Each structure stands twice: as C-alpha cells, then as structure tokens.
Protein chains: 2
Amino acid sequence: MADVLSDGSLNQLFREARTHQYFDGREVSDEQIHAIWELAKMGPTSMNQLPARIVWCKSDAAKERLAAHAAPGNVEKVRNAPVCAIVAMDVDFHEQLPQLFPHGNGKAMFDGKPEARETSAFRNSSLQGGYLILAARALGLDCGPMSGFNNAAVDADFFADDPSWKSNFICSIGYGDPTRLHERSPRPDFGAFNRLI
Amino acid sequence: MADVLSDGSLNQLFREARTHQYFDGREVSDEQIHAIWELAKMGPTSMNQLPARIVWCKSDAAKERLAAHAAPGNVEKVRNAPVCAIVAMDVDFHEQLPQLFPHGNGKAMFDGKPEARETSAFRNSSLQGGYLILAARALGLDCGPMSGFNNAAVDADFFADDPSWKSNFICSIGYGDPTRLHERSPRPDFGAFNRLI
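Since the structure is predicted, the reported quantities are computational estimates derived from the model, not experimental observations.

Visitor: Any chance you could explain the overall build of chain A here in plain terms?
Guide: From N to C terminus, chain A includes nine helices and five strands. Reading chain A from its N end, one meets helices and strands in the order α-α-β-α-α-β-α-α-α-β-α-β-α-β. Radius of gyration (C-alpha) of chain A: 18 Å, near the 16 Å computed for a compact globule of 197 residues. Taken along the three principal axes of its C-alpha coordinates, chain A extends 50 × 50 × 35 Å. Counting across all 197 residues of chain A, residues that qualify as buried make up 57%. Looking at chain A alone, contacts between residues at least 24 apart form 82% of all its contacts between residues at least 6 apart. Here chain A has roughly 7900 Å² of accessible surface; of this, 50% comes from carbon and sulfur atoms. In chain A, 20 side chains carry a positive charge and 25 a negative one; their mean positions are 4 Å apart.

Right under this line is the structure:
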C-alpha cells in the first residue's frame, strides 16, 4: 500500500516548484532527457494512445530555429534554456494502437474520424505534457512551459515530413535561477473552482 | 537545489502506478479530496489561467447521476469508485484573469475570442488533469481516468447553471485492488516518439 510522499517531495513537485524563465547555466544531459521520458511515458492515456511526440531542442541551432517562431516575449526564453521541448501530438496515433493497446480494437474506433482523433490527441498529449513537467521536477529540474508561439510555423518547419504531427506547447527545462523569479500568482481555495457532491 | 526523488517515490508516481478500474472498498475522505486540489492547483497553467473546474461525485446519488452518462463499459467503474471527479473547464476562464494573473492584461487577450479560449481551456485543464492524477498518487491514492462518456449529456445535467463549463474527462479515485489489474500495456522506448536535436 502506498504512503503519502514526504513533505520535501510534495514541496519539490507542487508546493514550492515554480515556472522558470531564467536558468543558472548548468546543462541538461542527454541522459536526463531520456530519464524524463522514461518516467513521463508511464502516465496513463486513454487506451494507452500515447499521442505525444516530443522534439527536444538542445543544440544552439535547434533552439534558434524554434525561437524564430516564438512570441516576442518568449524568444529569449527559448534561446537561453538548456533544452526546450516541443510537446507535439500525432493525430494519426491510432495507427499505433494495435501495438500499444493489444487487447482492444482501438484503431477501428478512430479510423475515418479525424475530429475524434484531434480531440483525443490534444487531451492526451496535454496530459502527457503534465506528466513531463512533473517528471522533470521529480528529477530535480525546473520547467518553463509556454504556449506563446506560432504553432503552424513550428509545424511547417519541424514536421514537414510528418504532417500528422502538430505542436501543442513548448517547455524549457533546466536548473532555474531562483533570484529571478516573480512573486507567485494566486491559487484559489477549494471552494472557488470545485464542488463536492 | 532540488534532488532526484527517491526510487520509492518515482515508483509510486510513475513506474509502478497503474490505472485502476476496481477499488478495495476503503473510502476517500473529504480531507483527501481537498488535499488533492491543494497540490494540483500549484501546477503551472498558461498565464495562471487555472481553467479546470472539478466536480467530485462522492455520494451514491452523484455517482448514479454521472454513471447514467457513461459508456456501457464505464458505468460500473463510476458507480463502484469511492469518488469520481468530473474534470471540466470554464471556457470563460478569462473573466478570472484580473485576479489570477494580476501583473498582465490576460483578459483582453481573450475577450471576443471564443475559439482561442476553448483551445487554451482544453489544453490547460488537461494539464491540470495530469497534475490531479499525480497529486492523488502522491497522496497514496490510485486513479482510473476515463473519456468514455457523453460529454454533452454530462454538461446538460451538471452544468445547466454554468453554461461556460464543459466536461473534459472523468477520473475515479480510491485505493486500487491490485488483484484485479490487467497486464500493463507496452510503453515505447525514447527513439519511437522522441527526437533530440
């Protein structure tokens, strides 16, 4: 039976973790990038669809290419991150379901239904994005997720050979510089956005 | 500087956690439900939008009401869960931004743009759903997320007085019965769905 994680772990994952725009100069290794995926991939998706496709922009050339499509306020954030991940989705994820979900006929449920695929890919790749952020934090790293960029331009630039891949959001990852944080934005109490019935 | 969480914690959150359809009979307290929110709300959303709205169906009456809109294979899963959360989104989340994001004019970016609001609410409420699942696991609980239900019927039934609230997915929460798990579905290696450039 599982216990409640330690306060230190809960603080690191949730309570004290912050979105970072500035990093302290330390690199993120290829091994750390693989380790993030190895954790994040274990999170649940509908029928094990795993629609997320991730492009980890780590070289200066890759970051420059991505920064060119960022909103003005995000250009430097992309450029200065140790790595910036494009969290994308494959709207033809159903082609993989015979392997990923061997005990059901998931593919038939989505054949010829592009709108249902788009909805499911968007929901589930976003869930996987949440797992990725918390996996990175669990490994001692900080994240700076962003949706301020030109999705169509990123798709044209990075996914010309994979037209079923669509960018969802981007996320810089590294060791945050705590001296450059803003004050934390407010979080509402339970009663504001929840009902218990 | 943050450390890597212990193997026990990483196992509990990611590696050994499983989606559960059957629970062992123990209740989930109101305090635990509040505790899940208190952790999950700390996760990042774009401009602190926090678009998720959560209805925790805990009473038998609430679970019956929700089960009536579930896909046939999910009816008993909803009915038998200690609590089943409707993870919804408020597509008019921008009305809250003057309070939630006081240092920017986020509301003006979304006024009169229902499609942009829908996209952002869907992405960010799904991210929050991912935080919720991992928050529950961090507190020693198990989850069974589901998207097999009639979203329009749930919205009509539960959100008649809040027409800007739209259901995203539902998630049963409790203490899973490990004796009734299926074999885990496969997870791909890094090279299958990732690129490092």
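Now that the structure has been shown, the text picks up again.
Visitor: Would you mind showing me how to read the packing of helix 3 (residues 60-67) of chain B against helix 8 (residues 151-158) of chain B here?
Guide: Geometrically, a packed helix pair is captured by the angle between its two axes and the distance between the axes. All names here are of chain B. Contact geometry for helix 3 and helix 8: axes closest at 10 Å, N-to-C directions at 140 degrees. Here helix 3 is positioned oblique relative to helix 8, judged by the angle of their axes. For the pair helix 3 and helix 8, the contacting residues are Ala62, Arg65 and Leu66 in the first and Val154, Asp157 and Phe158 in the second. For the contact of helix 3 with helix 8, the residue count by class is four nonpolar, no polar and two charged.

Visitor: Please explain the packing of helix 2 (residues 30-40) of chain B against helix 7 (residues 114-138) of chain B as it appears in this structure.
Guide: Residue and element names in this part refer to chain B. Between helix 2 and helix 7, the shortest axis-to-axis distance is 9 Å and the interhelical angle comes to 125 degrees. On the basis of their axis angle, the class for helix 2 and helix 7 is oblique. Once helix 2 is placed against helix 7, the crossing between them reads as right-handed. For the pair helix 2 and helix 7, the contacting residues are Ile36, Leu39 and Ala40 in the first and Tyr131, Leu132, Ala135 and Ala136 in the second.

Visitor: Please clarify how the sheet that holds strand 2 (residues 83-90) of chain A should be interpreted in this entry.
Guide: Through backbone hydrogen bonds, the strands of a sheet pair up, either in parallel or in antiparallel fashion. Strand order in this open sheet of five strands is 3(A)-4(A)-2(A)-1(A)-5(B), and the pairing throughout is mixed. Bordering the open sheet on either side are strand 3 (142-146) of chain A together with strand 5 (194-196) of chain B, each of which pairs with just one other strand. Each strand axis lies, on average, 20 degrees off the axis of its neighbour in the sheet, ignoring direction. As paired elements, strand 1 (residues 52-57) of chain A and strand 5 of chain B share three bridges and run parallel to each other. Directly across from Trp56(A), in strand 5 of chain B, lies its bridge partner Leu196(B).

Visitor: For this particular structure, what's the right way to read the relation of the copies chain B and chain A?
Guide: Two copies of one chain are present, and they are related through a rotation about an axis combined with an axial shift. Taken as rigid bodies, chain B and chain A are interconverted by a rotation of 180 degrees and an axial shift of 0.0 Å, the fit giving an RMSD of 0.0 Å. These values place the two chain copies in the arrangement generated by a two-fold rotation axis. Looking at the interface residues of chain B, 100% of them are also at the interface in chain A, so both copies use one shared face.

Visitor: Whenever I open this one, the interface of chain B and chain A confuses me. Can you help?
Guide: It is common to give the size of an interface as the accessible area that goes away when the parts come together. Listed by partner, the interface residues are 78 residues for chain B and 78 residues for chain A. Buried surface at the junction of chain B and chain A, both sides included, amounts to about 7000 Å², of which 64% is carbon and sulfur. The three residues of chain B that bury the most area against chain A are Phe193(B), Arg195(B) and Ile197(B), which together make up 12% of that side's buried surface. Where chain B packs against chain A, one counts two salt bridges. Where Asp162(A) meets Arg195(B), a salt bridge forms, and the shortest distance between an N and an O atom there is 2.4 Å. One can count 36 residue pairs in polar contact (both at pLDDT 80 or more) joining chain B with chain A. Considering every element that reaches the side of chain B that touches chain A, the biggest residue donor is helix 7 of chain B, with 13 residues. Its residues placed into classes, the side of chain B that touches chain A shows 41 nonpolar, 21 polar and 16 charged.

Visitor: Sorry, what's going on with the sheet that holds strand 3 (residues 142-146) of chain B here?
Guide: Judged by pairing direction, the sheet is mixed, and its five strands sit side by side in the order 5(A)-1(B)-2(B)-4(B)-3(B) without closing on themselves. Each of the sheet's edge strands pairs with one partner strand only, and the pair in question is strand 5 (194-196) of chain A together with strand 3 of chain B. Strand-to-strand twist in this sheet, taken as the mean axis angle between neighbours without regard to direction, amounts to 20 degrees. Note: strand 2 (residues 83-90) of chain B against strand 4 (residues 165-174) of chain B, eight bridges, orientation antiparallel. Its bridge partner being in strand 4 of chain B, Ile86(B) is matched across the sheet by Ile170(B). Contacts from helix 3 of chain B reach strand 1 (52-57), strand 2 and strand 4 of chain B, with the element oriented near 115 degrees to strand 1 of chain B.

Visitor: What's the story with the pairing of strand 1 of chain A in this structure? I'm lost.
Guide: Looking down a regular strand, the side chains alternate between one sheet face and the other. Burial of strand 1 of chain A is extensive: six of the six residues sit out of reach of the surface. On strand 1 of chain A, burial covers both faces: Ala52(A), Ile54(A) and Trp56(A) on one face and Arg53(A), Val55(A) and Cys57(A) on the other are all buried.

Visitor: Quick question: what am I supposed to make of unusual backbone geometry here?
Guide: Phi is positive for Asn48(A), close to 55 degrees, though the residue is something other than glycine. Structurally, the position occupied by Asn48(A) is in the loop between helix 2 (30-40) and strand 1. The class of Asn48(A) is buried, set by a relative accessible area of 5%. Although it is not a glycine, Leu50(B) sits at a positive phi angle of roughly 45 degrees. On the secondary structure map, Leu50(B) appears in the loop between helix 2 and strand 1.

Visitor: Sorry if this is basic, but what is going on with the layout of surface pockets here?
Guide: Remark: the empty space left among the atoms is shown by a probe the size of a water molecule rolled over them. Counted as a void, the second largest pocket has a volume near 1100 Å³. Lining the second largest pocket we find 46 residues, and of these Pro145(A), Thr45(B), Ser46(B), Met47(B) and Phe101(B) sit closest to its centre. Put simply, the parts of the chain that give the lining of the second largest pocket at least two residues each are strand 3 and strand 4 (165-174) of chain A together with helix 6 (106-110) and helix 7 of chain B. Ranked by residue count, the leading element in the lining of the second largest pocket is helix 7 of chain B, at six residues. Classifying every residue of the lining of the second largest pocket by side-chain character gives 16 nonpolar, 21 polar and nine charged.

Procedures and definitions
Residues numbered from 1 in each chain as written. Chains lettered and ligands numbered in written order. Predicted model: local features only at pLDDT ≥ 70, side-chain atom pairs only at ≥ 80, totals over all residues. Heavy atoms only, no water. Helix = DSSP H or I, 4+ residues; strand = E, 2+ residues; numbered from the N terminus. Rg over C-alpha atoms; globule rule 2.2 N^0.38 Å. Buried < 20%, exposed > 50% of the residue type's maximum accessible area, 1.4 Å probe, protein only. Contact = heavy atoms within 4.5 Å. Areas by Shrake-Rupley, 256 points an atom, 1.4 Å probe, with all protein chains shown as cover. Lys, Arg positive; Asp, Glu negative; His and termini not counted. Charge placed at Lys NZ, Arg CZ, Asp CG, Glu CD. Axes fitted to C-alpha atoms, helices over the stretch in contact; angles between N-to-C directions. Parallel < 35°, antiparallel > 145°, perpendicular 65-115°, else oblique. Nonpolar A, V, L, I, M, F, W, Y, C, P; charged D, E, K, R; others polar. Left-handed = near helix turned anticlockwise from the far one by under 90°. Pairing = 2+ DSSP bridges. Least-squares fit on C-alpha atoms with pLDDT ≥ 70 in both. Buried area = accessible area lost by both parts, 1.4 Å probe. Salt bridge = Lys/Arg side-chain N within 4 Å of Asp/Glu carboxyl O. Polar contact = N/O pair within 3.5 Å; in protein donor to acceptor, adjacent residues only side chain to side chain. 1 Å grid on protein atoms, 1.4 Å probe; cavity = no way out; pocket = protein on both sides within 12 Å on 5 of 7 lines; lining within 4 Å. Points joined across faces, edges and corners; volume = space filled by probe spheres on them.

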